[in-house]
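Take a look at the letters that make up each chain.
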Amino acid sequence: MEHASDVGLYGLAVMGRNLALNILDRGFRLCVYNRSPERAEEFLAEHGAAYPGLCRAASAEELVAALARPRRLILMVKAGEAVDEALLQLLPLLAPGDVVLDGGNSHHRDTERRAALAAPRGVHFVGLGVSGGEEGARNGPSLMPGGDPAAWPLVRPLLESIAAKTASGEPCVAWMGPGGAGHFVKMVHNAIEYADMELIAEAYQLLRSYVRASHDEMRTVFAEWNKTELASYLVGITADVFGVMDEDGEPLVEKVLDSAAQKGTGAWAAEAALELGSPAGLLAEAVFARDLSALKDERMGASAVLGGPKAAPTGERQAMIEDLRRALLAAKIIAYAQGFQLLRRASAEWRWGLDLASVALVWREGCIIRSAFLERIAEAYRREPGLPNLLVDAYFKALLDQCMPALRRVAARAIESGAPAPAFSAAVAFYDGYRSTWLPANLLQALRDRFGAHGYERVDRPRGESFHSEWK
Ligand code: 3PG
């Protein structure tokens with residue numbers, strides 16, 4: 001088995017196993033390793049006959065020895081300590097020019113720290129964002145590699161081969177940039193995914209309690225929306241979910257406890273937005289909405305204490321449903337605008353040189369937020385690479401002109417009827433803030449100067465000059 005394999009894969013949980021099969025299907029010779037050997041033994045027993053290019057290593061040493069040089073080794077272990085452990089185990093065994101790719105959802109700062117650890121040995125470390133869940137890993141994920149640029153030519157053929165392909169055959173992978181750029185882009189992908197899902201959930205809530213639509217009707221509504229500008233994987237699977245019944249014939253979704261879980265990437269993105277001063281209220285609300293849902297017991301207690309209006313249907317049903325579709329589209333544009341603004345700020349801050357058009361192109365297929373909409377985003381950044389914000393692109397501005405009145409009506413109805421719709425509300429607030437020539441921040445500055453002598457700029461003097469007044 002010495003030097004027989006093109007690629008090594010470390011970690012055979014679901015994502016690792018599926019990515020391994022994808023790699024084998026593309027004709028690469030693969031050596032797999034798992035810390036508990038039974039998993040690798042089972043994998044070989046199950047797939048060895050179908051894939052003669054598959055081998056199993058019993059130790060990290062064996063795994064490294066099995067790889068052709070320069071070695072390409074993909075870590076598919078849980079983000080966090082397990083990545084550090086694997087890297088520390090592998091580094092002394094590797095040689096200059098070898099490449100280690102971390103395919104987990106690692107924090108971008110951890111990726112940079114690990115790259116710095118690998119660099120003195122001449123080992124190229126790549127933070128590889130992988131999206132698409134189990135199906136994506138198996139059939140072609142969207143891939144977001146970033147890190148040591150010398151690694152790109154060494155891994156490009158492999159990654160292009162295993163990535164999802166668009167209808168015209170383009171692979172959904174591109175080199176994102178240096179340092180932690182790949183994992184940062186994946187983190188923002190997840191934040192947008194949280195926002196997309198929260199907006200869909202808020203639309204469902206209003207369809208359910210305000211329009212009083214049946215599940216069958218909701219399935220049809222989402223299936224119809226999936227033929228419009230909203231066409232996307234997430235809208236499609238929402239329609240599917242409404243069609244699934246429990247054993248008693250009731251819609252299964254209503255048996256699911258309303259307490260959302262999360263693995264942390266949405267919260268990281270909100271933290272990054274705060275750190276970089278990139279307004280992303282909608283993205284953050286999508287995380288907080290999950291947090292609020294998880295306070296199930298507290299909510300149950302509060303519901304007996306706190307009063308509010310009850311949702312009551314008013315108006316014509318079809319018009320309300322169309323308002324919801326438009327509201328969802330407008331808010332979705334605003335969520336993506338916040339996500340891409342965050343990427344832009346990070347790229348400027350850390351000099352990553354992110355190509356936002358290529359980020360959008362990589363997300364067209366394979367990943368959870370895949371949609372036709374991303375092609376439009378790519379076009380917007382191709383037209384104007386320095387676009388300050390997606391909202392002011394001609395295509396999205398025209399859609400917002402059509403849809404903002406509906407988003408306002410939906411957010412207002414939600415507030416009036418006591419239905420929490422934090423993401424819809426945050427979308428309106430961002431839109432109005434972003435288009436304002438004046439915001440009440442002058443008062444904030446005056447107050448800061450009043451209590452802390454922090455100084456302020458004047459509207460009638462050049463920017464940068466600082467003034468202080470006695471406000472008493
Ligand atoms: C993932 O990357 O695993 C998911 O797309 C997001 O996970 P979460 O909803 O559990 O945070």
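To keep things clear, this report deals only with the structure shown in the data block. In this text the structure is predicted, and so the values were computed from the model without any measurement. (Residues numbered from 1 in each chain as written. Predicted model: local features only at pLDDT ≥ 70, side-chain atom pairs only at ≥ 80, totals over all residues. Heavy atoms only, no water.)

### Comments concerning the overall build of the protein chain
Here is step 1: Within the protein chain, the secondary structure is distributed over 19 helices and 7 strands.
Here is step 2: Taking 23 Å as the expected radius of gyration for a compact globule of 472 residues, we find that the protein chain reaches 25 Å, a close match to that expectation.
Here is step 3: With respect to the principal axes defined by its C-alpha atoms, the protein chain has extents near 75 × 70 × 45 Å.
Here is step 4: Buried residues in the protein chain amount to 50% of all 472 residues.
Here is step 5: Across the protein chain, every contact between residues at least 6 apart in sequence was considered, and the portion connecting residues at least 24 apart equals 70%.
Here is step 6: Entry remark: accessible area of the protein chain is about 21500 Å², with carbon and sulfur atoms responsible for 55%.
Here is step 7: For the protein chain, the separation between the mean place of its 51 positive charges and that of its 60 negative charges on side chains is 4 Å. (Helix = DSSP H or I, 4+ residues; strand = E, 2+ residues; numbered from the N terminus. Rg over C-alpha atoms; globule rule 2.2 N^0.38 Å. Buried < 20%, exposed > 50% of the residue type's maximum accessible area, 1.4 Å probe, protein only. Contact = heavy atoms within 4.5 Å. Areas by Shrake-Rupley, 256 points an atom, 1.4 Å probe, with all protein chains shown as cover. Lys, Arg positive; Asp, Glu negative; His and termini not counted. Charge placed at Lys NZ, Arg CZ, Asp CG, Glu CD.)

### A few points about the pattern of salt bridges
Here is step 1: Going through the model one piece at a time under the given rule, you end up with 35 salt bridges.
Here is step 2: When the shortest N-O distance is used, the salt bridge between Arg56 and Glu41 registers 3.8 Å. Highlighted residues: Arg56 in strand S3 (residues 54-56) and Glu41 in helix H2 (residues 37-47), separated in sequence by 15 residues.
Here is step 3: In this structure, Asp248 and Lys255 form a salt bridge, with 2.6 Å as the shortest nitrogen-oxygen distance.
Here is step 4: Owing to a relative accessible area of 42%, Lys255 belongs among the partly exposed residues under this scheme.
Here is step 5: Salt bridges sharing common partners tie together Asp84, Asp102, Asp110, Arg113 and Arg114. (Salt bridge = Lys/Arg side-chain N within 4 Å of Asp/Glu carboxyl O.)

### Considerations on the site of the ligand
Here is step 1: In the vicinity of the ligand, the contacting residues are Asn105, Lys186, Asn190, Glu193, Tyr194, Gln262, Lys263 and Arg290.
Here is step 2: At a separation of 3.4 Å, an oxygen atom of the ligand approaches a polar side-chain atom of Lys186.
Here is step 3: Here an oxygen atom of the ligand sits 2.8 Å away from a polar atom, N or O, in the main chain of Lys263.
Here is step 4: Protein contact buries 76% of the 320 Å² of open area that the ligand shows by itself.
Here is step 5: Here the shell around the ligand gets 4 residues from one element, more than from any other, and that element is helix H8 (residues 181-209). (Near = heavy atom within 4 Å. Polar contact = N/O pair within 3.5 Å; in protein donor to acceptor, adjacent residues only side chain to side chain.)

### A word on the sheet that holds strand S2 (residues 30-33)
To summarise the sheet geometry, strands pair through backbone hydrogen bonds and adopt either a parallel or an antiparallel arrangement.
Here is step 1: An order of S3-S2-S1-S4-S5-S6-S7 is seen for the 7 strands of this open sheet, with the pairing classed as mixed. Both outer strands of the open sheet, S3 and strand S7 (142-147), are each paired with one neighbouring strand and no more. Strand-to-strand twist across the sheet, computed as the mean angle between neighbouring axes with direction ignored, equals 25 degrees.
Here is step 2: Here S2 pairs with S3 via 3 bridges, running parallel. Bridging from a neighbouring strand, Leu30 pairs with Leu54 of S3.
Here is step 3: Lying on the sheet, H8 is in contact with strand S5 (99-102), strand S6 (124-131) and S7; it crosses S6 at an angle near 15 degrees. (Pairing = 2+ DSSP bridges. Axes fitted to C-alpha atoms, helices over the stretch in contact; angles between N-to-C directions.)

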